[in-house]
Amino acid sequence: ESRYEVGRPPLDGAYTLSYDGEHLHFDIEWTAPDGKPQRQAVDAIPDGQAAFDVGPKTLEMFARMMKGAKTIFWNGPMGVFETKPFDAGTRGVAQLMADSGAFTVVGGGESVEAINEAGLGPKISHVSTGGGASLDLVSGKKLPGVEALL
């Protein structure tokens, strides 16, 4: 597993980004059901607690990561976006993508719903309800449905 520092430290220290060969993993600031932001690795959230959204510092990190990007893929909402105030992270990412100037791809039914609810669909380069399939396609995996047509 490789670890990389991402951008300037948004909180007490730099966010840690790691890649295990298949997924990116990073610690985030997240919002608990009581609305209080906390910071820790997603896989270290204690049993019995839930992260309902990403926090504002995480959105700042995403903005820095997207700055200057030529292509951005997004699959899946940031939290329980159907319930306010936990829609802020998803709406924030949607706006960042719409304003990025990059070629943007949004995949997955819930992400598409969030983009459309925010009125940002026309500013996204490609919108697809096939979230997981979109990611599989760009990662080089064969799609059984497409293979059957070939």
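Reference entry: report on the structure contained in this document. (Residues numbered from 1 in each chain as written. Predicted model: local features only at pLDDT ≥ 70, side-chain atom pairs only at ≥ 80, totals over all residues. Heavy atoms only, no water.)

Looking now at the overall build of the protein chain. Scanning the protein chain from N- to C-terminus turns up five helices and eight strands. Reading the protein chain from its N end, one meets helices and strands in the order β-β-β-β-β-α-β-α-β-α-β-α-α. The 150 residues of the protein chain split such that 33% are buried. Partitioning the intrachain contacts of the protein chain with sequence separation of at least 6 by distance along the chain shows that 47% fall at a separation of at least 24. Within the structure as shown, the protein chain displays about 8,900 Å² of accessible surface, and the carbon and sulfur contribution to it stands at 54%. (Helix = DSSP H or I, 4+ residues; strand = E, 2+ residues; numbered from the N terminus. Buried < 20%, exposed > 50% of the residue type's maximum accessible area, 1.4 Å probe, protein only. Contact = heavy atoms within 4.5 Å. Areas by Shrake-Rupley, 256 points an atom, 1.4 Å probe, with all protein chains shown as cover.)

A few words on unusual backbone geometry. Along the chain, lysine 84 connects to proline 85 via a cis peptide bond; the corresponding omega equals 5°. One can find proline 85 in the loop between β6 (71-75) and α2 (88-99).

Turning our eyes to something else, we now look at helix α1 (residues 56-66). Buried within α1 we find Thr58, Leu59, Met61, Phe62 and Met66. Projected down its long axis, α1 shows its buried positions confined to an angular sector of 155°, all on one face. (Arc of directions from axis to C-beta.)

Following the criterion strictly, the structure yields three salt bridges and no others. We note a salt bridge from glutamate 117 to arginine 91, for which the minimum N-O separation is 4.0 Å. One end of the pair, glutamate 117, is in helix α3 (residues 109-117); the other, arginine 91, is in helix α2, and 26 residues separate them in sequence. Look at glutamate 117 and you get partly exposed, because its relative accessible area is 47%. Among the residues examined, arginine 91 registers a relative accessible area of 34% and is labelled partly exposed. Through salt bridges with shared partners, a single ionic network connects Asp87, Arg91 and Glu117. (Salt bridge = Lys/Arg side-chain N within 4 Å of Asp/Glu carboxyl O.)

What follows covers the nonpolar core. By size, the foremost hydrophobic cluster in this structure holds 20 residues, and its most contacted members are Trp74, Val93, Met97, Val106, Ile115 and Ile124. Breaking this core down by element, the ones donating at least two residues are β3 (24-31), α1, β6 and α2. In this view, isoleucine 115 contacts Trp74, Ala94, Val106, Leu120, Gly121 and Ile124; residues no more than four positions away in its chain are not counted. (Core = buried A, V, L, I, M, F, W, Y, C linked by side-chain atoms within 4.5 Å.)

On to the sheet that holds strand β7 (residues 103-107), then. Read across the sheet, three strands follow the order β6-β7-β8 without closing on themselves; strand pairing throughout is parallel. With partners counted over all chains shown, the strands left at the sheet margins are β6 and β8 (126-128), one partner each. In this sheet, adjacent strand axes meet at a mean angle of 10° when their direction is disregarded. (Pairing = 2+ DSSP bridges. Axes fitted to C-alpha atoms, helices over the stretch in contact; angles between N-to-C directions.)

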